[in-house]
Structure formats: structure tokens, C-alpha cells
2 protein chains.
Amino acid sequence: MSEFHVYDTTLRDGAQQEGLTLSVQDKLAIARHLDDLGVGFIEGGWPGAIPKDTEFFRRAASELTLRHGLLAAFGSTRRTGTRACDDPQVRALLDSQAPVITLVAKSDARHVRKALRTTPEENLAMVTDTVQFLRAEGRRVFLDAEHFFDGFRFDRSCALEVVVAASQAGAEVVVLCDTNGGMLPPQISEIVRSVRESSGATLGIHCHDDTGCAVANTLAGVSAGATHVQGTVNGYGERTGNANLVTVVADLELKMGKTVLPPGKLAEVTRIAHAISEITNVPPHSRQPYVGASAFAHKAGLHASAIKVDPDLYQHADPQSVGNDMRMLVSDMAGKASIELKGRELGFDLAGDRDLLTRVCDRVKDLEARGFTFEAADASFSLLLHEEVNGARPSFFEVESWRVITESRPGSDAVSEATVKLRAGNERQVATGEGNGPVNALDASLRKALMPVYPELAKLELVDFKVRILESSHGTDAVTRVLIETSDAATTWESVGVGANIVEASWQALCDGLTFGLIRHGVLPR
Amino acid sequence: MSEFHVYDTTLRDGAQQEGLTLSVQDKLAIARHLDDLGVGFIEGGWPGAIPKDTEFFRRAASELTLRHGLLAAFGSTRRTGTRACDDPQVRALLDSQAPVITLVAKSDARHVRKALRTTPEENLAMVTDTVQFLRAEGRRVFLDAEHFFDGFRFDRSCALEVVVAASQAGAEVVVLCDTNGGMLPPQISEIVRSVRESSGATLGIHCHDDTGCAVANTLAGVSAGATHVQGTVNGYGERTGNANLVTVVADLELKMGKTVLPPGKLAEVTRIAHAISEITNVPPHSRQPYVGASAFAHKAGLHASAIKVDPDLYQHADPQSVGNDMRMLVSDMAGKASIELKGRELGFDLAGDRDLLTRVCDRVKDLEARGFTFEAADASFSLLLHEEVNGARPSFFEVESWRVITESRPGSDAVSEATVKLRAGNERQVATGEGNGPVNALDASLRKALMPVYPELAKLELVDFKVRILESSHGTDAVTRVLIETSDAATTWESVGVGANIVEASWQALCDGLTFGLIRHGVLPR
């Protein structure tokens, strides 16, 4: 019995999603999260074909330290009529330094003829040559048999020959791909079982969600004998997306009793799925199985009283097992509990005071309804607790007014200039700062105004800035949410601002970020 | 062989979705769309329990003319220790005038005991009495057996007795519900088959997506003999949602060869799914199978060359069959083939000129490496093609300079004011506009400056604005990417701008959006 592989292709096939563009920096950050989740293989991209992917593998070699996962480089078999060792694309796979190479090969006779414009014999030779060459160079090789299921239904022997050729040449796994995504589970079951029996190869399964069955198809593949599952975090991918690896892994562990992640890692999957959606900037799907914000949320009514008697009667799985929470949408019970926990995390003991908890809970609900999010903005939430617990937040400065001007003349870059007027240290401070955008300019002027009074600010730095336009609802104007990350070299914290005006939202988040930094450094208002 | 039922529960179970609230007006509008799609049954709500639903049935009686669908009212069996004819909730079902009543009953022994606090015998009596009473009143009755699969696995005979009791009392269909959504397809298959064999009842299937398998579970139910499928449009519903009826219907017709909608209706499903999401105000999911905007969109260069040869090689179904379209996305993964196809879509014939194609392809790759994205910005891509094909884009105006000021004083909202200086119509134009953010202000001033020369701009409107901060790479500063959507009421188009300064990036996208709009309306530079 071969080992079970969880193979993530978020960075390659997931990146094919419409509207999703990942920088090399994004890819490295996602790879770290995937490794943290404990997937066995992380497909990084297609070196040699996509310059950004070549760069990813170059930087990964020096910057990525993986504990669980092995990097895989994706690429195609040698071109027709060449030798594998002479093919620059095959060379690029070796140059990537990835310990695993996943080759893609045609396995549908129609694609061999019409897309590749070659014979089935040459197609098999391409598979055999390339696998053998890479094996001889010391790499582990997986083979993605593209359009396998369509191919098998059209010309069974042509499809099977590719599996056998790859396996005999030394491919460790042959991955049967439902590239167009048109299969249903019974077809997957039958074909995987048949291929396993007639080829004896170790098989993988790669599905897309075009019939809404990507997860079920993947599980059907596993039940029929596949020991390698491919998918993407949050189901990212071209068209309707790939099999959602998060759902697949949770189903395998919780419903099919297979251990496929390192111990304890399933409970991190909600956090990691959300962290990755922050990087991709694709808003998380609230109805996503297991990890969605609504996945364990119950509307009051028929269920509410029974849930109090026995929550397991109304839950298919324990939300804690995937690091998620049950939420009651009308009762604020769950809300208070998590606010209490969060407060403790930030150094506030709220447990004793029910009125206080209710007040904080109501304010969070009200602010979140207006577009705030405190999940990713501990600094702003901590300031809110200061206000509710101590009556007010520490006031380091009092703003009189601010103004930003952004100007451009053709032929030169736009410049931004901000002027801030405020009171701090019992004096009026007026300062002007410049930046390559309105937020940088505001940041520069705010620091300049405060520095004479709070020289500790020299240690703090604005390190990241995220903007999301929140959909307008029912005819109101859209609002802008800005998250700002501030760092003191040792740690970082995030603050949030919301408003119709993007510059004003940024200003709120900037002020929160600096205020929290001063508190954290033990500075008192002067 | 009984007739096949498509039973929609968007208005009842779908409305349990977090954040989804439907007015009576909304419900009537959705019911018309569902009838237009040709579903057999439209569950309108729970009259007697939810005042809005009582009102829905009252108004439906006079305002709804249905051609295909029958209205169903949902409600529970009589209370313990009463007679069905005396139970006000059962009376309310009759009063709704709905020709079909769908009763919900417990079928899990644990729920009977813990939630209903009664005996299995009384539970059966409640089912029998209520079904018989409603049948005697001339209504068709369906019975939803709640928590059926969990119940069957816990206490098979208790669950089966409910099916038999309902069926013998005159329920036309007994619907087996995976209420908590924890099942996988093999379990559904096995249980539906077993219940069918041992009860002989006509069965329905009702699934939720908690394991990501709602669609596959529903299809498994049908393969095992269920002839009634329940689901919601776009998969709305509590937690992870119900089985997506759109996907189920398309799979049944296109993949399983069953005719379940009236002739020609499947081709309307994309339009209707989007129309309903307009009413629910839940943004349509672009990756939704069959009907999503991305469902037939192709990005990979690998695929594009083959799509030119034979589109069916890369599509699991004909997009026209569900009223959707194939789209090509332009990105740095795209090769020449996809750029050629995209050009054709935008009215440029690039096929003859290999040098031109190479030039465009290189420019796209270069611009995308700098942070641009063209797959969601057809307008900017079309202007790029103008430049490469005709040497330059039409020049409607020449910008001299622009400036935006955003100002705030505590206690009042920030305001933005922009001034633009440009040449158009052989004259210098200077205009100032205001807005609730820098981009709105720039938009206002740009229009004001151009309107005297291009009154056609009055038709165009900025409808959406998206911002993404792209991570810095190689130690350079982060850049900002702005996507702007402009509309002329009939259609919309997107343009892109990129720069270190968010305001400058927005300005580029604004100018592209208006320029493309003028070209599209056949305006010539004046």
C-alpha cells in the first residue's frame, strides 16, 4: 500500500482563476501557509514557461524552509521530434531545483491528434523519454494525464497506454485528470477502478467543478483506489475552479476516517484558508464547507431550542475539529464568548462584567454592519476595548484638520503632499509631508507633527496597506475599508478604517496604528 | 413509473441563508422567475409561522399566474396531543390555498425524544393524522423526513416507519432530507435504495452542502431511485447552503440524459439565475457551475491554441445549452492564440500578422509583470490593440495637469475636490469637480471639462471601482492597481490603471474607461 499524497496546486492551477494574479511574494507566502497546513506537495508553477514561476523557484531555493511539503515544478513532456535532454522546457524543470517534477501529458487520442498534431506512438515516446530522463537526473516524477476521463471514454486503449508508459518509465504516480470537469462520481469510480486493475499503477485524481461535483469526484477517485489527491485551497481555479482541497481533506479525515494531514493540522484549516484568501484578495466564500463564516451558523427558529439541548443534533461535525465556530445568528451568546476570549488575548478581563460584554458585543455588531472588520485588526479592536473598559482610549494627540493634495503633470509621476494640524504635548503642531500616494503623504506628515513630542514613533513603520471596496447594498453608497499594518521591527499589528472616502478611511487606520504602537511601547500621553 | 419532480425551496429553505432577507415583493418576483424556468413546484414559505409567508400566499392567490409551477406551503405536522383539524398551524396551511402542502416530520429517534420530547408512536400518529386530514381536504401532500439519513444510521426501523406511515396515509412523495448535510454520495445511494426497496414509497431527496457534496448527493439519490429533487437557485441556504438546483437540473439534463424542464428552458437558466441574484442582492458567484461568469472562461495559453482548433476539446458542455458564453481571458499566461481569439471578440483581426501578435503578446506580458491585468479590463486591452494595430489610440483629449485635494476637519466628513486642465476640441478646458473620494472628484472634473466638446459622455457612468495593492517585489515600492467599471446603461466595460500612487492609477483607468466609451459610441476626436 503506497503512502497517501495531499498535493496542492493552488500556485499553478489555482492561479488560472479569472481575476486572480499572484506575485512571487504572494506565492512564497501561500507556500508557507500550505506547508504549515501540512500538505505533502506544493506545486509552485511552470518554470521556463512563465517568468514569474521561474523566479518563484529561484527565490524558493533560498527563502523557503518547508517542514512538511516538497516543492513540485509543473511542465510538459518534451516537444515532438526532440530529445528530452535537449528540450529547453525540460531543462528549465531541472533548473528549478524542485525535488518533484509533475509532467503533463495528453491522454485523449483527439487531443494528441488535433492539439499536439502528432501520433499516439510519438506521444508515448514523449512520455517515456521525459520521465526516464528526469528520473535519471534524480527527480521524483508524477505524471498528470490530461483529459484522461474524456480520453478513456473515447479511446480506452490509447488512454491506458499513457498510464502504462509513464508508470513503466518510472513515474511514481499517474494522476487521472478530469480537465474539462464534466464527470460525475459514478463515472470517476468506474474508470479509476478499471485503470487501477488493468495498469497496476499508483493513481492520483485531479478534478474540476464544472458539474458541481469536484469534491465528490475526488472522493469517488479515492474510494476507487487513488492514493494521491490534487486540489486547490478554497477551490480556486479556471472556470468553476478545482476540487477544493480544504473540503476534500476535511471529508477524508472526518467522514472517511483517513488521516491525511499531520496530527492537529486539520484544526488550523479555517485560519489558513482565510489567511490565503487575504493574500489572493479573493473575498472568502461565507458558505464554503467547513471553513466558511456561515458553515456552522444557525438562524434562530425551528432549530434554536434544540441546539441548546444538544448541539450535536444539528451539526454534521464538530466545528472545533476544523478550527471554526458554531454561531447563533440571532442570539448573541456565541458573540459574547468569542469577544471574551479575544479580550483575554489582548490583556482585558471581560469575564466578570456582563453589561460590559453586551456593550462591546453590540458595538462590534454595529461597526461590522457598517463595514468594519475586527478579525484582522487587533489594534483597532484593542482601542475599542480601551474605550469601553476605561471610558476612553489614551489620547496622544488631538487632530484639528488634515489635507492631502495629489498632483500630476504629464511626463512626470504624480506626487502627494499632506498637511496635518494637531495638538500634542500641549502645543499646536503643523507639519507637511510628501509621499508617492495620499496615504504615504499623510503618514509622513502625521509622524513629522508628532515626532517632537513622541520620538518613540521613530521605531514604527507603515508596512502594508490593503483596500477593499465593500459592495453597496440596497442603494446606499459603497464604502471603502482600509487595513493598515504597522511594525516596530519586533512585531506588527493591524488597524482598520472605514468610510465613503478612501483617504479618510486610511487616516482612521493610520491614527489607530500609531496610537496602538505608542500604548504597546508604554508611552503615556504628553 | 412516477413523474419526475423539480421542487424549488429558494423561498423557504434558501431564505434561511445568513444575510439574505426577502420581502413579499421579492418572493413574488422570484416565484415568477422560477415558473419561467419551468420548475414543477415552488415552495413559498411557512404560512402561519412566519407572517411574511402568510402574506406571500395571500398575495400569490391574486397576483401570481403560474404556467408551469404549483405553489407548495411548508409546515409541520400537528403538535403532540392535539387533533390535526384543531391545530392552528395546520389550519394556516389550508388557509394558504396552496394546492400542495409539504409537511416536515422528525425521522431521527434522537430528535423525536430530545427536540420533540415525545414517543416514536405519537410521532407516527402526528404524521398519519396530519397527512390524512390534508388529503381529505383535497390537497396533494409531500412529506419532508427531517434528519432522515442521520436517523436511518442511528435507528433504521424508527426512520423507516415514518416513511411507511406517511406513504400509507396518502403522502405522494416522502422526501429524505440530509438536514445537517454530513452525508457523502455512497451513503445516500445505499440508504435511498434500501428505503425504496423496503417501503415502496415514491421518494424525494433534499441535501445540504456541508461536505461540499450537495449536488453529487442529490444525483446519487436520483440514481438510487428518487424521482423528486429539492434544491435552491444558486445554492442559497443556511450554513453552506442547499443543493444548487441550477446545477442539479443542468447535470440531470446534460449529463444524465433526463428531461426535467419544459423544452428550451435549460437555455434560460443563466439569465434566470442572474435575475434572481439581482433580487436577493447576493452577488452572483462567478465560478458557479454552468451559469457563472467564469464557467466557460479560459485563461491558459496551453488551452487557447487548441481551442482555436476545436472548442469542444476544452468544454465539458456547450455553453449555449445553458445560455452562457465561452470567453477568452487575456493574461501573462496567454499565448498568441488566446490574444488572437480575444482580439476577434473585440473586433480586431490579428490572425494574418504574426509580428503584430508577437508585439501585443510581449506588451501584455510586460505590462502584467508591472502589475496590470487585462483579463478583467477589456476596455484597456482594446485600447492597447488600437495602439498596436493603428499606431495610436484615438486621442479625444490631451491632459495638461490634474490635482485632487482631500480635506478633513474633525466632526465633518472628508471632502475631495479635483481640478483638471486639458485640451479638447481645440480649446483649453479647466474644470473643478467634487466627490466623496478622490476618484469620484476626478471623475466629476474630467466629465465637466469634456462635456462641452463630447456631450455623449452624459450617457456614461462610473459604476464600480476596485483597488488592489500589489506586493512590492525586488525592494521597489508597492504598486496599486485600480479597476474601474463604466456603464452606458446598455453594457459595461472595465479599464485598468497601475501606479505607485493610487490616485494616478485611478486617473489612468478613468481616462481609459471614458475613451473606450466614446469609441464604442462611434464618436470621433474633435
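Residues numbered from 1 in each chain as written. Chains lettered and ligands numbered in written order. Predicted model: local features only at pLDDT ≥ 70, side-chain atom pairs only at ≥ 80, totals over all residues. Heavy atoms only, no water.

A. Highlighting empty space enclosed by the protein. Residue and element names in this part refer to chain A. The full count for this structure, using the stated rule, is 5 cavities of 30 Å³ or more. Computed from the structure, the largest cavity encloses a volume of approximately 50 Å³. Forming the boundary of the largest cavity are Asn234, Ala273, His274, Ser277, Pro284, His285, Gln288, Val291 and Gly292. Looking at the lining of the largest cavity, its residues break down into 3 nonpolar, 6 polar and no charged. (1 Å grid on protein atoms, 1.4 Å probe; cavity = no way out; pocket = protein on both sides within 12 Å on 5 of 7 lines; lining within 4 Å. Points joined across faces, edges and corners; volume = space filled by probe spheres on them. Nonpolar A, V, L, I, M, F, W, Y, C, P; charged D, E, K, R; others polar.)

B. Structural context of the packing of helix 9 (residues 214–223) of chain B against helix 10 (residues 245–255) of chain B. Residue and element names in this part refer to chain B. Here helix 9 crosses helix 10 at 45 degrees, and the two axes come no closer than 10 Å. Of the possible angle classes, the one that applies to helix 9 and helix 10 is oblique. Relative to helix 10, the crossing made by helix 9 is right-handed. When helix 9 is examined against helix 10, the residues Val215, Thr218, Leu219 and Val222 are found in contact with a partner set consisting of Thr247, Val248, Asp251 and Leu252. When the residues that make up the contact of helix 9 with helix 10 are grouped by side-chain class, the tally is 5 nonpolar, 2 polar and 1 charged. (Axes fitted to C-alpha atoms, helices over the stretch in contact; angles between N-to-C directions. Helix = DSSP H or I, 4+ residues; strand = E, 2+ residues; numbered from the N terminus. Parallel < 35°, antiparallel > 145°, perpendicular 65-115°, else oblique. Left-handed = near helix turned anticlockwise from the far one by under 90°. Contact = heavy atoms within 4.5 Å.)

C. Quick look at the side chain of Ser401 of chain B. Along the chain, Ser401 of chain B falls in strand 11 (residues 398–408). Taking relative accessible area as the criterion, Ser401 of chain B reaches 8% and is therefore assigned buried. Apart from residues lying up to four places away in sequence, Ser401 of chain B is in contact with Ser408, Arg409 and Pro410 of chain A together with Thr419, Val420 and Lys421 of chain B. (Buried < 20%, exposed > 50% of the residue type's maximum accessible area, 1.4 Å probe, protein only.)

D. Geometry of the pairing of strand 12 (residues 415–424) of chain B. Residue and element names in this part refer to chain B. Inspection of the sheet shows strand 11 paired to strand 12 by 9 bridges, in the antiparallel sense. Opposite Trp402, over in strand 12, you have Val420 as the bridge partner. What sits between strand 11 and strand 12 in their antiparallel hairpin is a turn of 6 residues, with Gly411 showing a positive phi close to 95 degrees. Linking strand 12 back to strand 13 (residues 427–435) in an antiparallel pair, the connection comprises 2 residues, with Gly425 at a positive phi of about 60 degrees. (Pairing = 2+ DSSP bridges.)

E. Layout of the packing of aromatic side chains. Residue and element names in this part refer to chain B. Per the counting criterion, the structure on display carries 22 aromatic pairs over all chains. Taking 5.6 Å as the distance between ring centres and 35 degrees as the angle between the ring planes, the aromatic pair formed by Trp402 and Trp507 counts as tilted. With a gap of 105 residues between them, Trp402 in strand 11 and Trp507 in helix 17 (residues 502–520) connect regions that are remote in the sequence. Judged by its relative accessible area of 7%, Trp507 falls in the buried class. (Phe/Tyr/Trp six-rings, centres within 6.5 Å; stacked < 30°, edge-to-face > 60°.)

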